[in-house]
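Chain and residue survey
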Amino acid sequence: MRTMRKIVLSIGGVAAGVALLSVLFALTGRLLDWVWLKEVGYEVVFWKVLGAEVLLFTVGFAIAFLYAWAQFRTTMRWSASVASSQEGASLRLPDGRALRVDWRLLRGASLLLAVMVALATGSRLALSWRECLLFLQGGNFGIAEPIFGKDVGFYVFQLTFFEIVQGALTFLTGLVVAVLASFYWFSGSLPSLRGKGLVVRSRPFWHLSLSFVLFALSWGAGYFLDRYDLLFSASGVVHGAGYTDVHVLKNALWVMVGASVLVCAAVVIGAGFKNVRISLAAFVGYGGLLVLVLWIWPAAIQNFSVRPNELELETPYLEYGIRFTRAAYGIDAFREFDYPALDDLDYQTVRDNEETIDNIRLWDWRPLTSTYRQMQEIRLYYKFYEVDVDRYRLKDGYRQVMLSARELKEGLAEGANTWVNRVLQFTHGYGLAMSLATQASSDGLPRYVIRDLPPAADAGLTVDRPAIYYGEKTPGYRIVNTAVSELDYPRGDENIYTHYAGNGGIPLDAWWKRVLLAWELKDVNILLSSYIRPESRLQLWRRTRERVAKVAPFLELDPDPYLVLSEGKLYWILDAYTTSRRYPYSEPHLARFNYIRNSVKVVVDAYEGSVELYAVDPDEPILAAWGRIFPDILRPLDTLPEDLRNHLRYPVELFSVQMEKLNAYHMTVPQVFYNREDLWTTPHEKYAGNEIDMEPYYVLMRLPGQEKLEFLLMTPLTPKGKDNMIAWVAAHCDMPRYGEVVAYKLPKERLIYGPLQIEAVIDQNTDISQQLSLWDQRGSQVIRGNLLVIPIGDSFLYVEPVYLLAEGTDIPQLRRVIVASGDRVAMEPTLEEAVRAVFGEKEEPASARGAPPTARAPATQEVREVFQKAQRALREGRWADFGKAMEAL
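Described in the following lines is the structure provided in the data block. (Residues numbered from 1 in each chain as written. Predicted model: local features only at pLDDT ≥ 70, side-chain atom pairs only at ≥ 80, totals over all residues. Heavy atoms only, no water.)

1. Brief notes about the overall build of the chain
Operational definition: Secondary structure elements follow DSSP: runs of H or I of four or more residues count as helices, runs of E of two or more count as strands, with numbering from the N terminus. Throughout this description, buried means an accessible area under 20% of the type-specific maximum (1.4 Å probe, protein chains only), exposed means over 50%, and partly exposed covers the range between. Between two residues, a contact is recorded if the distance between any of their heavy atoms is within 4.5 Å. Values of accessible area rely on a 1.4 Å probe in the Shrake-Rupley scheme; residue burial ignores everything except the protein chains shown.
Scanning the chain from N- to C-terminus turns up 26 helices and 36 strands. Buried residues in the chain amount to 53% of all 889 residues. A separation of at least 24 residues holds for 66% of the contacts in the chain among residues at least 6 apart in sequence. Element-wise, carbon and sulfur atoms account for 56% of the exposed surface of the chain, whose accessible area totals about 39400 Å².

Next comes the structure, spelled out in structure tokens:
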């Protein structure tokens, strides 16, 4: 008995210690969330979420504790072995041994067990705060599914919460039944063999039977809800209920609901007659019926009735799947056109589309990132993480540009990585690099619009507030406005220092805030440092995505925030989505969701850290529900400053998901879809010698039949297993047509070159392949960038930049541009020269055509390159190569 008491007390002590630490960490973590959300102006999110979690936990804990404690008390009271004494009793084990126990100790152990069960149940429910809030505030989609006739909103907002509650009740009642059965078994109170069969020896069997009835009813309710889950089935030719699901499984689940009720009745009758045979017979029958109606019957119908006549029987359900998947991903809103893709493109048509040609992007973001890092990072503590594509109105017109933020790097140089340097002094990045997407300097480097430190801006742009305290990948927390001056930017051999003058960060104006932050960040220096003043601020969660995730935990976030320069200030724009996994008859995307809308644009100030949420589509049902839950945090899109609104763009993430679905779901005829006879896919291209999937790309161009230059996100598509082009799709990024997507279908009766086929045409051109092979020798590496497919008039123009990377450097230089139209292909130093070469046009004088700074006489360029080759051969002692180069020179 003493050993048992020690065991129980030890378990209780450990459990209490773990619970205390868990509560302490949870409370301090929530307190930090409250302080931070209050600082950024989203305190309402904290209280709404916390309120929902507390309510769910409290209700779940109370119900679970009262139920479990009542059951455990009854167990002790009805146990024949324990009931003999309040001070001590013997538990008679099935093998005949007696175990002395203490009643008070057993009661304490059962109380502890009830608390643990209640904690598990309450915690499980508290995790469902999103589903709870949507259940309370969700509305209708205005679309009814065809099987049960219920609105889609029932599945998105209500069904999930019903299943959570049913699962929690099943978990609770099942766990209690398992505990009761274990206790009664070891106490010798369960039925045992006596005479000719199984008989009940004691009243506890009544108790266990009634407890099992509650579990069975909860379990049976799951079968009732499973009927609706058939609309998400993936077992047939369609994602959703098929013929077997509707005509067999739906009825089979009703049978199992009735069988669950009958099992409950059988268990009660068996307990009333004190004979367990009735209950055992019910269990066996229930298990057999389950196998028969849920496995054997559906499999037989599917294999012997449906499969031989699958197309005929599944046609209605294929129609449902096509229609609902297209609606769930917004594909049904695409406008479709036929595009002739003629092979008659001429120079005059190209000249008529001069604005499009002038904005063809020649810089691939991958080699450009290396160039930016080598030429514009300036210091070791800065880093360009990613290069974005955007458009700006410059002095010379509407131009496509590449830009990247000069962010603070993770970690400092060895010897400088002290706490004061890392946390107090090196606090922010500085400025950006921006270059024209369509031009290069005379030495093949980017033509910068914004460069250097402090930022030197051309073309009418200004950078008035270049400091970047909040970024895409800005590292760790920092403390600003301390007694230590912050490094602002380097200038020559000196550094310029500053003190933060914004409102971003948690004010360290109270001792308890320093204690809280020191505890949560595990940094005692926050308490000990004398540099920290009352006006100091600790900036936390400085990365854009983690910052927005704290403010709007109910949104799915795009992986790629992008930088925007607006009225001299730097901002980050991040796309956010409303998603669901519960849209009937819709095919899931990577098991993440089967419904998605780009409902929100998020703007984060790179200096202040402020977060603003703008509703793109406030009437979207899920966003409308969140708008009712958090009525003050979503702003109308028309309140976004116009200059920032002009930099919105259709997100690549959403576009790629839609293209994945369009590849199959452009087929709206069930028979065609069933046969998979017209599947599309993402085209391939070559990059750095490897064959890779082509990513969607932004272009600044005029769509066929349009007069206005527009910023578009587009991609070509090819048939599955083939390389020819079958369609191309473009999404509008500029207001007022933002979000409109157009799909151009190409003729199927003739060949239209796809990207990989154009790559083959380039490789088969002897002049180009010899030149590229010559360059791609020792001393340099050839990098072929994005192959862009540009619609011009009723035809396509293919453009691919060529970069040279000198050995020992990481500065790719734009040296050639390849242009193709059908079988015609040319490679020249500039895009204009390559276009002329393709169409057989003679070179105009530079004065006549207003040649850009990148233009250079081809002979001069070739002489320079051959001379450089001769010099390299001479330095390396390759006399044969030197002789050949001099002969060519």
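Alright, that's what it looks like, and here's the rest.
2. Side note on a nonpolar patch on the surface
Put simply, the rule reads: The residues that make up patches have over 30% relative accessible area and no salt bridge, and they are joined within 9 Å when like-charged or within 5 Å when they are Val, Leu, Ile, Met, Phe, Trp or Tyr. Here, a salt bridge means any side-chain nitrogen of Lys or Arg that lies within 4 Å of a carboxyl oxygen of Asp or Glu.
Nonpolar side chains collect at one region of the surface, where Leu31, Trp511, Trp512, Val515, Val524, Leu527 and Leu528 lie side by side and expose about 700 Å² of accessible area between them. Elements with a contribution of two residues or more to the nonpolar patch: α14 (511-521) and α15 (525-528). When residues in the nonpolar patch are grouped by element, the largest group, three residues, is from α14. Checked against the element boundaries, Leu527 lands in helix α15.

3. Quick word on α14
Residues of α14 that are buried include every one of Lys513, Arg514, Leu516, Leu517 and Ala518, and no others. Residue Lys522 follows α14 closely and has a positive phi angle near 55°.

4. Some thoughts on the packing of aromatic side chains
To keep things clear, this is the line we draw: Pairing of aromatic side chains here covers Phe, Tyr and the six-membered ring of Trp, requires ring centres within 6.5 Å, and sorts the geometry by plane angle: under 30 degrees stacked, over 60 edge-to-face, intermediate tilted.
If you walk through the whole model with that rule in mind, you get 50 aromatic pairs. Plain terms: the ring middles of Phe224 and Tyr228 are 6.0 Å apart, the flat faces sit at 85° to each other, and that makes the pair edge-to-face. Linking Phe224 with Tyr228, this pair stays in helix α6 (residues 204-229), spanning four residues, or about one helical turn. Ring geometry for Tyr583 against Tyr595: centres 5.4 Å apart, planes inclined by 5°, an arrangement best described as stacked. One end of the pair, Tyr583, is in the loop between β21 (569-580) and β22 (595-605); the other, Tyr595, is in strand β22, and 12 residues separate them in sequence. The burial state of Tyr583 is the same as that of Tyr595; both residues are buried.

5. Observations regarding the packing of helix α7 (residues 243-272) against helix α8 (residues 276-306)
Our working rule: All axes are obtained by fitting lines to C-alpha atoms, using only the stretch in contact for helices, and the reported angles, taken between N-to-C directions, cover 0 to 180 degrees. Angular relationships are summarised with four words: roughly parallel below 35 degrees, roughly antiparallel beyond 145, roughly perpendicular across 65 to 115, and oblique for the angles in between. Classes in brief: Ala, Val, Leu, Ile, Met, Phe, Trp, Tyr, Cys and Pro nonpolar; Asp, Glu, Lys and Arg charged; the others, Gly included, polar.
Contact geometry of α7 with α8 gives a least axis separation of 9 Å together with a crossing angle of 175°. Classed by the angle they form, the pair α7 and α8 counts as roughly antiparallel. For the contact of α7 with α8, the residue count by class is 24 nonpolar, five polar and no charged.

6. Side note on the sheet that holds strand β18 (residues 537-539)
This is how it is decided: In this description, strands pair whenever DSSP reports at least two bridges between them.
Strand order across the open sheet formed by three strands is β14-β18-β17, with antiparallel pairing between neighbours. Both edges of this open sheet fall to β14 (478-480) and β17 (506-507), since each of them pairs with a single strand only.

7. Structural notes on unusual backbone geometry
Cis geometry marks the peptide bond from Leu453 to Pro454; its omega dihedral reads -15°. Relative to the elements of secondary structure, Pro454 occurs in the loop between β11 (446-451) and β12 (456-457). Going from Met735 to Pro736, the amide bond is cis rather than trans, its omega being 5°. Along the chain, the position of Pro736 falls in the loop between β30 (727-732) and β31 (741-745). At Trp541, a position not held by glycine, the phi torsion is positive, near 50°. Here Trp541 shows up in the loop between β18 and α16 (544-551).

8. Describing a negative patch on the surface
Put simply, the rule is: The charge count treats Lys and Arg as positive and Asp and Glu as negative. His and the chain ends do not count. To locate a charge, take NZ of a lysine, CZ of an arginine, CG of an aspartate or CD of a glutamate.
There is a patch of like negative charges on the surface, built from Asp343, Asp344, Asp346, Asp352, Asp794, Asp823 and Glu841. Among the structural elements, Asp346 can be located in the loop between β5 (335-338) and α10 (347-352).

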